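What follows is the residue order along each chain.
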Amino acid sequence: MTKAEWTDVLQEELNHFCGVLFQNPDFEKGESARISYRFDCAELELLKRKYRIAEIAGKGSPFEKTARLTEYFAPRLTHKGDFSEHVGCNALALLDYALNKPHCGINCVNKSKILQECSLALGIYARRVWLMPCSPYDTDNHVVTEIFDVRANKWIMLDVTSGGYFADKNGTPLSVLELRKIMSDGEICRFVKIARGIGTPFPNEETEALYYCRYFAKNLFWLATEENNGFGNDGKRILFLPENFRINEWLHKNAETRGETVHSETDNRKISGVSVLTATPFS
């Protein structure tokens, strides 16, 4: 496939996925939920010291600090989509296993965990957000990190896997929900690369940006985040679902496609409205 043909395919698929978002703009209200954040874990202080997190992050706003962490860690963590999850889901264990070890790759679930906990270690509100596709036959999804920037008074998404973030036409960094809305409306957004030397080789920056726009549009149909954000992972999730979306049927069909078994529909998850994602973390 030529570069021009690849670009045409990416643009066509981007238009399709944005159209799916356009047809499903509203989310279920769900039940009341609250996301918690913990900064007082002794392990976070150890993480901060052991990996020089404050030194790498430098000075500035929470977004500026987390962007520097993204720039630092992205090229030093090899990607492995089928990572077996045999390492504990916390930044200390994951960095010990994977940092600067090309033969020890990890996936986006764990890369986003590293950025989340490094941000928490600096006193920055941070959470992982699961980005999920519409089709239950699609076995690929993505996980990113969102941080709350007190200067901008908003949530901002950063992605260690792609090494960048998304901004609107004015250059303002976007949250997950802001990106979904812009894509749904067919408006301009751009992928901003802040880490070099990672990912699939692209013929140019424009093709890379188009690729990530298409990839995120595909995976922004429904969302999930952790109820409790601190060191480690207790598995409790909050789901954010488009109206009339049949989540139980989706989970069963997706598990069947993966060759896996779905556990009880009620274990460790609740459905809530997206206002939980837009709320200030200290309100």
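In case you missed it, the structure is sitting above this.
Because the structure is predicted, anything quoted here is derived from the model rather than measured. (Residues numbered from 1 in each chain as written. Predicted model: local features only at pLDDT ≥ 70, side-chain atom pairs only at ≥ 80, totals over all residues. Heavy atoms only, no water.)

A.B. asks: I would appreciate a short explanation of the pairing of strand S6 (residues 189-193) in the present structure.
C.D. replies: In summary, the side chains of a regular strand alternate between the two faces of the sheet. Where burial is concerned, most of S6 is hidden: four out of the five residues are buried. In terms of strand pairing, strand S5 (residues 164-168) meets S6 through five bridges, oriented antiparallel. Across the sheet, the residue bridging to Ala 167 is Arg 190, located in S6. (Buried < 20%, exposed > 50% of the residue type's maximum accessible area, 1.4 Å probe, protein only. Helix = DSSP H or I, 4+ residues; strand = E, 2+ residues; numbered from the N terminus. Pairing = 2+ DSSP bridges.)

A.B. asks: Is there a simple way to explain the environment of Glu 205 in this structure?
C.D. replies: Locating Glu 205 in the fold gives a position in helix H8 (residues 205-218). With 85 residues separating them along the chain, Glu 205 and Leu 120 place their C-alpha atoms 31 Å apart.

A.B. asks: Just checking my understanding: could you explain helix H1 (residues 3-23) for this structure?
C.D. replies: Along an α-helix, residues three or four apart share an orientation, since each turn contains 3.6 residues. For H1, with 21 residues, the first-to-last C-alpha span of 30 Å sits near the 30 Å given by 1.5 Å per residue. Burial in H1 covers these residues: Leu 10, Leu 14, Phe 17, Cys 18 and Leu 21. Around the axis of H1, the buried residues are gathered within 100 degrees of arc, so they sit on the same side. Away from its buried face by more than 90 degrees, H1 exposes Asp 8, Glu 12 and Gln 23. Structurally, H1 contributes buried residues whose contacts are with helix H7 (176-184) and H8. (Expected span 1.5 Å × (residues − 1). Arc of directions from axis to C-beta. Contact = heavy atoms within 4.5 Å.)

A.B. asks: Would you mind going over helix H9 (residues 247-258) with me for this structure?
C.D. replies: The terminal C-alpha atoms of H9, which comprises 12 residues, lie 16 Å apart, in line with the 16 Å expected from a rise of 1.5 Å per residue. Inspection of H9 places Ile 247, Trp 250, Asn 254 and Ala 255 among the buried residues, and these make up the whole buried set. Within H9, the buried residues cover an arc of 125 degrees as seen down the axis, which keeps them to one side. Contact partners of the buried residues in H9: strand S2 (126-132), strand S7 (222-226), strand S9 (237-240) and strand S10 (269-271). Directly beyond the C-terminal end of H9, a positive phi value near 75 degrees is found at Gly 259.

A.B. asks: Sorry, what's going on with the sheet that holds S7 here?
C.D. replies: Backbone hydrogen bonds are what pair the strands of a sheet, in a parallel or an antiparallel way. Read across the open sheet, the six strands follow the order S4-S3-S2-S7-S9-S10; overall the sheet is mixed. Edge strands, defined here as strands with exactly one partner in the open sheet, are strand S4 (154-158) and S10. Here the average twist between neighbouring strands, direction ignored, is 30 degrees. Bridge count between S9 and S10: three bridges; the pairing is parallel. The residue of S10 that forms the bridge with Ile 238 is Lys 270. Strands S2, strand S3 (142-149) and S4 of the sheet are contacted by H8, whose axis makes an angle of about 95 degrees with S3. (Axes fitted to C-alpha atoms, helices over the stretch in contact; angles between N-to-C directions.)

A.B. asks: Can you help me understand the nonpolar core in this one?
C.D. replies: Soluble globular proteins tend to bury their nonpolar side chains together. Residues Phe 166, Leu 179, Met 183, Phe 216, Leu 220, Trp 222 and Leu 223 are the most contacted members of the largest nonpolar core, which totals 51 residues. Of the residues forming this core, the biggest block, six residues, is contributed by H8. Core analysis: the second largest hydrophobic core is formed by 40 residues, Phe 63, Ala 91, Ala 98 and Ile 156 among them. (Core = buried A, V, L, I, M, F, W, Y, C linked by side-chain atoms within 4.5 Å.)

A.B. asks: How should I be thinking about the packing of aromatic side chains in this particular structure?
C.D. replies: Centre-to-centre distance and the angle between the planes together describe a pair of aromatic rings. If you walk through the whole model with that rule in mind, you get 21 aromatic pairs. Here the aromatic rings of Phe 63 and Tyr 165 are separated by 5.1 Å at their centres, their planes lie at 85 degrees, and the arrangement is edge-to-face. Here Tyr 165 lies in strand S5 and Phe 63 lies in helix H4 (residues 62-73), a separation of 102 residues in the sequence. Note on accessibility: Phe 63 and Tyr 165 belong to one class, buried. Summarising the aromatic geometry, the rings of Tyr 72 and Phe 73 are spaced 5.1 Å apart at their centres and angled 85 degrees between planes, so their arrangement reads as edge-to-face. Aromatic rings pair up to connect Trp 6, Phe 166, Phe 191, Phe 202, Tyr 211, Tyr 212, Tyr 215 and Phe 216 into one cluster. Of note, Arg 76 hangs over the ring of Tyr 72, and the distance from its end group to the ring centre comes to 3.9 Å. (Phe/Tyr/Trp six-rings, centres within 6.5 Å; stacked < 30°, edge-to-face > 60°. Lys NZ or Arg CZ within 6 Å of the ring centre and 35° of its normal.)

A.B. asks: How should the pattern of salt bridges be read in this particular structure?
C.D. replies: If the charged atoms of two oppositely charged side chains come close together, the side chains can form a pair. If you walk through the whole model with that rule in mind, you get 17 salt bridges. Among the salt bridges present, the one from Glu 13 reaches Arg 214, with a minimum N-O distance of 2.7 Å. With Glu 13 in helix H1 and Arg 214 in helix H8, this pair connects stretches of sequence that are 201 residues apart. Here Arg 214 falls in the buried class, since its relative accessible area comes to 15%. With a closest N to O distance of 2.7 Å, Lys 218 and Asp 138 form a salt bridge. Pair noted here: Lys 218 is in helix H8 and Asp 138 is in the loop between S2 and S3, with a separation of 80 residues, a long-range link. (Salt bridge = Lys/Arg side-chain N within 4 Å of Asp/Glu carboxyl O.)

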